[in-house]
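The chain contents come next:
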Amino acid sequence: MKTDLTDTTSSKINKALVLGRRAIGTPAVGMVLTLVIVTDEENAYDALKAANEASREHPSRTLVVIKRVSRSPRDRAKARLDAEVRLGADASTGETVVLRLYGEVVDHAQSVVLPLLLPDAPVVVWWPVNAPTDPANDPLGALAQRRVTDTYAAEQPIQELTEHADAYTPGDTDLSWTRITPWRSMLAAALDQVACKVTSAAVEGEEFNPSVELLAMWLADRLGVPVRRSKSAGPGLTSVRMETDAGPIVLDRPDGSLATLSIQGQPDRAVALKRRETAELIAEELRRLDPDDTYASALRFGLERLDEEAATTAPEPEAAEAEVVVVEEVTETAETSRRAAKKAPAKKAAAK
């Protein structure tokens, strides 16, 4: 069921929600939270689709806030709110309200959203794109217990990751961090199987992927070892190698779906490690609404500190192998020269 409201108000939207629930035969509100999506027109469809799929696990009232750009001064001076109310099959298992803001009301989105929040229910704000540098101080972010951003969608992901670290407030999180949950689980399980001490680590992934930085900072923070990062063609994260006193532990995923776990003294194992869709990432974030202390610790470790400690590590495996080859060639050349020197007098005696 869809209801379009033009030049409306928050009270009229609430009334449309009540009438819509009665019309479809579900007068009670069975939502567990309010999910506020702040996006633009271009990304609204994909974000709403992901939220509807996540609502099967977390029935919620989804408020999509779309700030429309007014071209002329006359349009910018006129405030208008249009809404689209979706219930029943059109909103999956929850309720959806698409809010389009025009003119001066764009700068006061919180005044539109506040009356539509479910009473006594948690609030989560998600910015699929164009997230503020300090989400907790954003007018909409101040309404929420959890604030979800995605630095992977930023124009300069690594720089934005650093800015989020400086402005971190308990309750902030990042989908780039959520993407590495299976990696963190697999690496932790691998270390549980072997009694060893990790001496260094290396993380490989595509360039400008903040998940690579976050995984490297997490390893450096939790293990207290230098971590080296290197680039690959992707997709996403491709490999993690941990050097231990019991041999290397390698988790390699070259194709983005199936990974190979290699532990010294054990047969290689194939593990499912596919790249997850946005709906799965949002559903995971909605499972816990308390601050993520592990994310905070890894984020605050700092990219600068990671670079400084990585600079003190041993040469990269490829460089080390090249040095070994050069040393072996020099040794073979020297040995050959010594043998030739020993045989030379015998040849001269024979000539005489």
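The structure we're discussing is the one just above.
Read on for a plain summary of the structure.

Parameters at a glance
- Residues numbered from 1 in each chain as written.
- Predicted model: local features only at pLDDT ≥ 70, side-chain atom pairs only at ≥ 80, totals over all residues.
- Heavy atoms only, no water.
- Helix = DSSP H or I, 4+ residues; strand = E, 2+ residues; numbered from the N terminus.
- Contact = heavy atoms within 4.5 Å.
- Areas by Shrake-Rupley, 256 points an atom, 1.4 Å probe, with all protein chains shown as cover.
- Phe/Tyr/Trp six-rings, centres within 6.5 Å; stacked < 30°, edge-to-face > 60°.
- Lys NZ or Arg CZ within 6 Å of the ring centre and 35° of its normal.
- Core = buried A, V, L, I, M, F, W, Y, C linked by side-chain atoms within 4.5 Å.
- Buried < 20%, exposed > 50% of the residue type's maximum accessible area, 1.4 Å probe, protein only.
- Salt bridge = Lys/Arg side-chain N within 4 Å of Asp/Glu carboxyl O.
- Pairing = 2+ DSSP bridges.
- Expected span 1.5 Å × (residues − 1).
- Axes fitted to C-alpha atoms, helices over the stretch in contact; angles between N-to-C directions.

Turning our eyes to something else, we now look at the overall build of the protein. Check the secondary structure of the protein and you find twelve helices and 14 strands. Partitioning the contacts of the protein with sequence separation of at least 6, the portion at a separation of at least 24 is 71%. Surface summary for the protein: the accessible area is close to 18200 Å², and the carbon and sulfur share equals 51%.

What follows is about the packing of aromatic side chains. Applying the stated rule across the entire model yields two aromatic pairs. Plain terms: the ring middles of Trp177 and Tyr295 are 5.5 Å apart, the flat faces sit at 55 degrees to each other, and that makes the pair tilted. With a gap of 118 residues between them, Trp177 in helix α6 (residues 175-178) and Tyr295 in helix α10 (residues 293-301) connect regions that are remote in the sequence. Taken together, the ring pairs in this structure connect Tyr168, Trp177 and Tyr295 into an aromatic cluster. Over the aromatic face of Tyr102 sits the side chain of Arg80, whose NZ or CZ is 4.3 Å from the ring centroid. Seen from the ring of Trp218, Arg184 lies directly overhead, with NZ or CZ sitting 5.8 Å from the centre.

Turning to the nonpolar core, a few remarks are in order. Counting 38 residues, the largest nonpolar core has Val203, Leu215, Leu219 and Val227 as the members making the most contacts within it. Counting residues per element, the ones that place at least two in this core are α7 (181-192), β9 (198-206), α8 (210-223), β11 (237-244), β12 (249-252), β13 (258-263), α10 and α11 (303-310). At eight residues, α8 tops the list of elements feeding residues into this core. Beyond its immediate stretch of four places on either side in the chain, Leu215 contacts Ile180, Trp183, Arg184, Leu187, Val203, Leu237 and Val240. Residues Ile13, Val38, Leu63 and Leu99 belong to the second largest nonpolar core, which totals 28 residues.

With that settled, consider the pattern of salt bridges. In this structure the tally under the stated criterion is 16 salt bridges. A salt bridge links Glu213 to Arg229; the shortest N-O distance between them is 2.2 Å. Residue Glu213 is located in helix α8, and its partner Arg229 is located in strand β10 (residues 227-232); the two are separated by 16 residues in the primary sequence. With a shortest N-O distance of 2.5 Å, Glu243 and Arg241 are connected by a salt bridge. For Arg241, a relative accessible area of 30% corresponds to the partly exposed category. Linked by salt bridges that have partners in common, Arg21, Arg61 and Glu95 make up one network.

Tracing the chain through its elements places Thr6 in the loop between β1 (2-5) and α1 (10-24). Owing to a relative accessible area of 61%, Thr6 belongs among the exposed residues under this scheme. Along the primary structure Thr6 and Leu81 are separated by 75 residues, whereas in three dimensions their C-alpha atoms are 6.9 Å apart. Once residues lying within four places of it in the same chain are set aside, the contact partners of Thr6 are Leu81 and Asp82.

Now for the pairing of strand β6 (residues 123-126). Alternating residues of β6 divide into Val123 and Val125 and Val124 and Trp126, and every residue in both groups is buried. Two elements, strand β2 (residues 33-39) and β6, share four bridges in a ladder whose sense is parallel. Residue pairing across strands places Ile37 opposite Trp126, the latter belonging to β6. Where β6 lies against strand β7 (residues 146-149), three bridges are found, and the strand directions are parallel. Paired with Val124 across the strands is Arg146, a residue of β7.

Taking 1.5 Å per residue as the helical rise, helix α2 (residues 41-54) with its 14 residues ought to reach 20 Å, and the 20 Å between its terminal C-alpha atoms agrees with that figure. Those residues of α2 not exposed but buried are Ala44, Ala47, Leu48, Ala50, Ala51, Asn52 and Ala54. Next to the buried residues of α2 lie β2, β3 (60-67), β4 (80-86), β5 (95-102), β6 and α9 (278-287).

What follows is about the sheet that holds β9. Pairing between the strands of a sheet comes from backbone hydrogen bonds, and it takes one of two forms, parallel or antiparallel. As summarised here, the arrangement of the six strands in space is β10-β9-β11-β12-β13-β14, forming an open sheet in which the pairing is mixed. Looking along the sheet, the strands with just one partner apiece sit at the ends: β10 and β14 (269-272). The mean inter-strand angle of the sheet, taken between neighbouring strand axes irrespective of direction, is 15 degrees. Looking at chain direction, β11 and β12 are connected through four bridges and run antiparallel. Bridge pairing links Arg241 to Val250 in β12. Each of β9, β11, β12, β13 and β14 touches α7; the most contacted strand, β11, lies at about 25 degrees to it. Across the sheet, α8 touches β9, β10 and β11, and the angle it forms with β9 is around 170 degrees.

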